[in-house]
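So the chains spell out like this:
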Amino acid sequence: MIVFDGECVLCSRFFRFVLRHDRDQRFRFVLAQSPLGTAIYEALDLPTREFDTNVVIRDGLICLRGASLPHAMGGLPSPWSALSVLRHVPPVIADPPYHLIARNRYRIFGRYETCMIPSPELRARFLDWRPDGG
């Protein structure tokens, strides 16, 4: 599962990248702004106003910040799975660049005024999608 900021252009591009390469449909998605996304952030003691990290949960392991990208890539086919080797980079090295980008992501990449609305064929991949569009 990947929980991502649906208003962040960079985070949404990450979601689209994973979606495009996840041929086996291993990942399900949750918008951070949804009630389920907010509950996940609260349970992990993360801020629920500024969603400054993607949450990647795979094989029972919860990864945040610098560990989230390599963990997600490990769930994709080659050549992308090779990036999972980055999971061995210690947080003291991986997290500062992640924080720098996260703090400036709206300024650098932009922000959507509203969260994305998945197409009908994608809705089944979202754990938090309600039939009423909420």
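Data block above holds the structure.
Keep in mind the model is a prediction, meaning the values are calculated, not measured. Every chain is numbered on its own, with residues counted from 1 as its sequence reads. A pLDDT threshold of at least 70 governs which residues receive local features in this predicted model, and a stricter bar of 80 or more applies before side-chain atom pairs are shown or counted, although totals over entire chains, interfaces and linings include all residues. Neither water nor hydrogens contribute to the side-chain values; these are computed over all heavy atoms in the structure.

**Q** Would you take a moment to explain the packing of aromatic side chains for this structure?
**A** Centre distance and the angle of the planes are the two values used to describe a pair of aromatic rings. Stacked, tilted and edge-to-face are the three classes applied to pairs of Phe, Tyr and Trp rings, where Trp contributes its six-membered ring and a pair requires centres within 6.5 Å; stacked means planes under 30 degrees apart, edge-to-face means over 60, and tilted covers the rest. Here the structure, examined in full by the defined rule, presents 7 aromatic pairs. Between F15 and F29 the ring centres are 4.8 Å apart and the planes differ by 85°, which places this aromatic pair in the edge-to-face class. With F15 in helix α1 (residues 9-21) and F29 in strand β2 (residues 29-31), the pair connects residues that are 14 residues apart, well separated along the chain. With respect to class, F15 is no different from F29; both count as buried. Ring geometry for F17 versus W80: centroids 4.8 Å apart, planes at 85°, classification edge-to-face. In this pair, F17 sits in helix α1 while W80 sits in the loop between α3 (68-73) and α4 (91-109), placing the two residues 63 residues apart along the sequence. Ring pairing ties together the aromatic residues F4, F15, F29 and F126, which thus form one cluster. Over a ring means this: the NZ of a Lys or the CZ of an Arg is within 6 Å of the ring centre and within 35 degrees of the ring normal. In this structure, R105 packs its charged tip against the face of Y106, placed 4.3 Å from the ring centre. In DSSP terms, a helix is any run of H or I states spanning at least four residues, a strand is any run of E spanning at least two, and both are numbered starting from the N terminus. Remark: exposure states derive from per-residue accessible area (1.4 Å probe, protein chains only) relative to the maximum for the residue type, with buried under 20%, exposed over 50%, and partly exposed in between.

**Q** So what exactly am I meant to see when it comes to a nonpolar patch on the surface here?
**A** Note that patches include only residues with greater than 30% relative accessible area and no salt bridge, and the join distances are 9 Å for like charges and 5 Å for nonpolar side chains (Val, Leu, Ile, Met, Phe, Trp, Tyr). Residue burial considers only the protein chains on display, and all accessible areas are found by Shrake-Rupley using a 1.4 Å probe. Salt bridges are identified by distance alone: a Lys or Arg side-chain nitrogen within 4 Å of an Asp or Glu carboxyl oxygen. Residues L83, V85, L86, V89, V92 and I93 make up a contiguous nonpolar surface patch of about 510 Å² in total accessible area. Within the element layout of this structure, L83 appears in the loop between α3 and α4.

**Q** Help me out: how do you make sense of the side chain of S84 in this one?
**A** As for its position among the elements, S84 is in the loop between α3 and α4. Whether two residues touch is decided by their heavy atoms; if any such pair falls within 4.5 Å, the residues are in contact. Leave out the neighbours within four places in its chain, and S84 touches P70, M73 and G74.

**Q** Can you help me understand unusual backbone geometry in this one?
**A** Outside of glycine, negative phi angles account for most residues, and trans bonds account for most peptide bonds. Of note, the bond from S78 into P79 is cis; its omega dihedral lies within 30 degrees of zero at 5°. Relative to the assigned elements, P79 resides in the loop between α3 and α4. Positioned with a positive phi, D59 is a non-glycine residue whose angle comes to about 55°. Mapped onto the secondary structure, D59 falls in the loop between β3 (55-58) and β4 (61-63). For D59, a relative accessible area of 70% gives the class exposed.

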